[in-house]
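So you can see what is in the structure, the chains are spelled out below.
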Amino acid sequence: MEREILDMRHTISALVLNQPGVLARVAGLFSGRGFNIESLCVAETLDPSVSRMTIVTRGNDQVIEQITKQLNKLVDIIKVVDFFGSEYVDREMILIKVTAESSSRAEILRITDIFRGKIVDVTPKSYTIEVSGDENKIRAIIDLLKPMGIKEVVRTGRVAISRGSKGI
Amino acid sequence: MKKTGAQILLESLQLEGVDTIFGFPGGAVIGIYDALLNSPIRHILVRHEQAAVHAADGYARSSGKVGVCLVTSGPGATNTVTGIATAYMDSIPVVVLTGQVSTGLIGNDAFQEADIMGITRPCTKHSYLVKDVKELARTIKEAFYIAGTGRPGPVLVDLPKDVIADSAEFNYPESVNMQSYNPTYRGHRGQIQKAFKLILKANRPLIYAGGGVISSDASEELTAFARTLSIPVTATLMGLGCFPGVDDLSLGMLGMHGTYRANMAVTNCDLLIAVGARFDDRVTGKIDGFAPNAKIIHIDIDPTSISKNIRVHIPIVGDAKDVLKKINKLIQEEKEDWTSIRREWLDQILKWKNTYPLAYEQKDVIKPQYVVEKIYEITKGDAIISTEVGQNQMWTAQYYHFTKPRTLLTSGGLGTMGYGFPAAIGAQIAFPEKTVIDIAGDGSIQMNIQELATVAQYNLPVKIAILNNRYLGMVRQWQGLFHNKRYSQTPLEVSPDFIKLAEAYGAVGLRATKPEEVVPTIEKALSISKAVIMDFVVEREEDVYPMVPVGAPLKEMLLV
């Protein structure tokens, strides 16, 4: 049985009880064992007593196996799914505040349009743009806007859902 | 009729079958202590909160029940941390009830406030802060359920003062309904089949049994399994007693201070059957050198223990008892002459045993090994033994042949000095009629020596055997072997006169300075119905052997 020894990025979803302290337990699990969190998203599900976490982490097979097992072991965690190797959709949203002088305003609007983004705030000197998409798309728009002068970005971190009709 | 939080708590404990708790009062739990006066629950007043957890832990290990302790907020709670971490590392079911400041004051840096949930999160199986008295009964029910099921462990329940004072209707839930916690007890049939086939084919099989065999009460099944197929058994420190130590198939302990035959058997086996063990670094030595030629079957109730340190070939998640029962059933069909099939392998092991048996030479100064061996002989193995941590612990593991489960109480995972004495108190409370002996060092016994007052107060006949070498012996041994004998801070230049100390607390003190005094001292101590400290003045620089240096493979043992 050959195992992956390279560090790979995994997107893990966890259904957790919506209770105080759960996030601390998950964060402690990662920090206490030296695992790395690249991004973490938490919000309520349709059932207000349950939250869903999407964790992006990196590790070899053995590390990822420990992460999913340790998550499953936490008493407050209901279910854990590692999307690695399966069909899923992931998205992230980014808000970008970019310098918009008269010379560049039209160009920024065009880029925003191409990325199916929205301008959510306007001043005489700046635009704030909202874009969502997968990692490549987010990276591409950042690259394109950089020459215009990005003042600030804020990203939500990744959320993910499996393809097909079944829920987790 | 409404009841106060304190009443609800104590009645819930009773419904969980609790008759004894260990604790120490304080401001935040004064209401619980008041209600305790009207409760049939017996409270053992320790002299330090750390000892309360260790005593509850010793009570749990020796009896198989969930141990309970009760302490106040702030310093009372923080003093329990070492005890909680000890129980967590060894998977011992303990419920720790801590007082907390009133809900309105939480987070205010109030007097005697500590975020004990936050502090203990990494060393508890689970924890609760009860914010509403209506949640109290359900929380206690869940706490006991979580502590005692699956891979057991400590559960902390933090109880704010106002919640304890508030009132509610008391309805104790009949059952626990948790969608998020559901340990796997039953082993997967397909995996068991696969394991079984591998077991039949193996030429040099070896069972590596850990504390999980004891916590799942699977000793009987394990013994039947080993004996039917003539498979030798080595146990971890935590597993000692799960298989009779005097059986011909017993190889004793493996690992850093394991026997030569056990470590050689691990190195040469072609099938390793790990049951309720977790491949700890003190057991495996250098990972690459651990069972290098073997297929590995791993039976464990905790999936995170499987393939954590060492890749296993056949993982079986489940309760050791359930899985071994199923394997034993399959074995019944196989009518082979296993003794003759195994002859070559068992002969090889016997050769290893005869080449380097555990040995020491008793000359004119008392050898610590001799003391342990005599304690074993005089008690005929029919005692509950606790240990402290260090050389005393290793000599006990080597020279006391544990034949029954739950007779050795020792801090295996965390390695807590000061554990043994309070744990012995817990065991003596659980088994008033049994002989309970703490085998200690002169260093570690002083870490919870204040509990002499507890044994005096409750007339507990706990015996303490101090292997007194006036050193922190294990660290001195390492300094001797690996740091050029630079004995930095390990000589204990001043210790109390343990005889006078015993007498000061109303116990009896006996001292042995010559080998011929060892047996009479033990015999006399066991004949006294009070607590006794036996102070054995032993060879100062005796080392524990065999020893596998840190980072070396198991086969590279220092033998003398």
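In what follows, the structure referred to is the one given above.
Residues numbered from 1 in each chain as written. Chains lettered and ligands numbered in written order. Predicted model: local features only at pLDDT ≥ 70, side-chain atom pairs only at ≥ 80, totals over all residues. Heavy atoms only, no water.

In this section: the overall build of chain B. Along the backbone of chain B there are 23 helices and 20 strands. Here the C-alpha radius of gyration of chain B, 24 Å, is about what a compact globule of 560 residues would show, namely 24 Å. In the structure as shown, chain B presents an accessible area of about 22,000 Å², 50% of it carried by carbon and sulfur atoms. Distance from the positive charge centre (56 side chains) to the negative charge centre (59 side chains) of chain B: 4 Å. (Helix = DSSP H or I, 4+ residues; strand = E, 2+ residues; numbered from the N terminus. Rg over C-alpha atoms; globule rule 2.2 N^0.38 Å. Areas by Shrake-Rupley, 256 points an atom, 1.4 Å probe, with all protein chains shown as cover. Lys, Arg positive; Asp, Glu negative; His and termini not counted. Charge placed at Lys NZ, Arg CZ, Asp CG, Glu CD.)

Take the interface of chain A and chain B next. Contact with chain A, which involves 18 residues of that partner, is made by 19 residues of chain B. Together chain A and chain B conceal approximately 1,600 Å² of surface at their shared face, both sides included; 48% is due to carbon and sulfur atoms. Considering only the surface of chain A that becomes buried against chain B, A:R25, A:K73 and A:V75 emerge as the three largest contributors, covering 39% of it. Taken together, the links from chain A to chain B amount to two salt bridges. (Contact = heavy atoms within 4.5 Å. Buried area = accessible area lost by both parts, 1.4 Å probe. Salt bridge = Lys/Arg side-chain N within 4 Å of Asp/Glu carboxyl O.)

Looking now at the sheet that holds strand β16 (residues 408-409) of chain B. All names here are of chain B. Read from one edge to the other, the open sheet built from six strands follows the order β16-β15-β17-β18-β20-β19, with strand pairing classed as parallel. The open sheet has two free edges, formed respectively by β16 and β19 (508-512), since each of these has just one partner strand. Here strand β15 (residues 384-387) runs beside strand β17 (residues 436-441); their pairing, made up of four bridges, is parallel. By the bridge assignment for β17, I385 is matched with I437. In the packing of helix α23 (residues 515-527) onto the sheet, contacts are made with β17, β18 (463-468), β19 and β20 (532-537), and the angle to β19 comes to roughly 165°. (Pairing = 2+ DSSP bridges. Axes fitted to C-alpha atoms, helices over the stretch in contact; angles between N-to-C directions.)

Let us now look at the layout of surface pockets. Quantified by volume, the second largest pocket comes out at close to 1,200 Å³. Forming the boundary of the second largest pocket are 45 residues, of which A:Q70, A:K73, B:Y88, B:D302 and B:T304 lie nearest the centre. At the level of elements, α1 (22-32), α2 (61-73) and β4 (77-82) of chain A together with α5 (81-89) and α13 (281-284) of chain B are the ones that each hand at least two residues to the lining of the second largest pocket. Take the lining of the second largest pocket: its biggest share by element is five residues, from α1(A). Residue composition of the lining of the second largest pocket, grouped by class: 17 nonpolar, 16 polar and 12 charged. (1 Å grid on protein atoms, 1.4 Å probe; cavity = no way out; pocket = protein on both sides within 12 Å on 5 of 7 lines; lining within 4 Å. Points joined across faces, edges and corners; volume = space filled by probe spheres on them. Nonpolar A, V, L, I, M, F, W, Y, C, P; charged D, E, K, R; others polar.)

Take the environment of B:Y399 next. All names here are of chain B. Looking at where Y399 falls in the secondary structure, it is placed in helix α18 (residues 391-399). Linking Y399 and P368, residues 31 residues apart in sequence, is a C-alpha distance of 9.9 Å. Among all residues touching Y399, those that are not within four sequence positions of it are L358, A359, Y360, Q369, V372, E373 and Y376. Here A359 takes part through its backbone nitrogen, which lies 3.3 Å from a polar atom of the side chain of Y399. (Polar contact = N/O pair within 3.5 Å; in protein donor to acceptor, adjacent residues only side chain to side chain.)

Residues and elements named next belong to chain B. In a regular helix each residue adds 1.5 Å, so 12 residues correspond to 16 Å; helix α17 (residues 368-379) covers 17 Å between its end C-alpha atoms and thus fits that length. Listing the buried residues of α17 in full gives P368, Q369, Y370, V371, V372, K374, I375, Y376 and T379. Of the surrounding secondary structure, the elements contacted by the buried residues of α17 are β15, α18, β17, β18, α23 and β20. Taken from the residues just after α17, K380 is the one with a positive phi, measuring 55°. (Expected span 1.5 Å × (residues − 1). Buried < 20%, exposed > 50% of the residue type's maximum accessible area, 1.4 Å probe, protein only.)

Before going further, it helps to examine the side chain of B:E388. Here B:E388 shows up in the loop between β15 and α18. Within the buried set, B:E388 has no salt-bridge partner at all; the shortest N-O distance to an opposite charge, 11 Å, is to B:R61.

What follows covers the sheet that holds strand β3 (residues 50-59) of chain A. All names here are of chain A. Strand order across the open sheet formed by four strands is β2-β3-β1-β4, with antiparallel pairing between neighbours. Edge positions in the open sheet fall to β2 (37-44) and β4, since each of these has one partner strand only. For this sheet, the mean inter-axis angle between neighbouring strands, taken without regard to orientation, is 15°. Bridge count for β2 against β3 is seven bridges, and the pairing is antiparallel. By the bridge assignment, E44 is partnered in β3 with S51. The sheet strands contacting α2 are β1 (8-17), β3 and β4, and the helix crosses β3 at an angle near 160°.

With that settled, consider a nonpolar patch on the surface. All names here are of chain A. Taken together, L23, L40 and V42 make up a surface patch of nonpolar side chains, about 220 Å² in accessible area. For L23, the location among the structural elements is in helix α1. For L23, a relative accessible area of 42% puts it in the partly exposed group. (Patch = residues over 30% accessible without salt bridge, like charges linked within 9 Å, V, L, I, M, F, W, Y side chains within 5 Å.)

The subject of this paragraph is the packing of aromatic side chains. Residues and elements named next belong to chain B. Tallied over the full model, the rule gives 15 aromatic pairs over all chains. Arranged with centres 5.9 Å apart and planes meeting at 85°, the rings of F279 and F290 form a pair that is edge-to-face. Of the two residues, F279 is situated in the loop between β12 (271-275) and α13 and F290 in the loop between α13 and β13 (295-300); the sequence distance between them amounts to 11 residues. The structure contains a cluster of three or more aromatic residues connected by ring pairs, namely Y208, F279 and F290. Lying across the ring of F431, K434 places its NZ or CZ 5.1 Å from the centre. (Phe/Tyr/Trp six-rings, centres within 6.5 Å; stacked < 30°, edge-to-face > 60°. Lys NZ or Arg CZ within 6 Å of the ring centre and 35° of its normal.)

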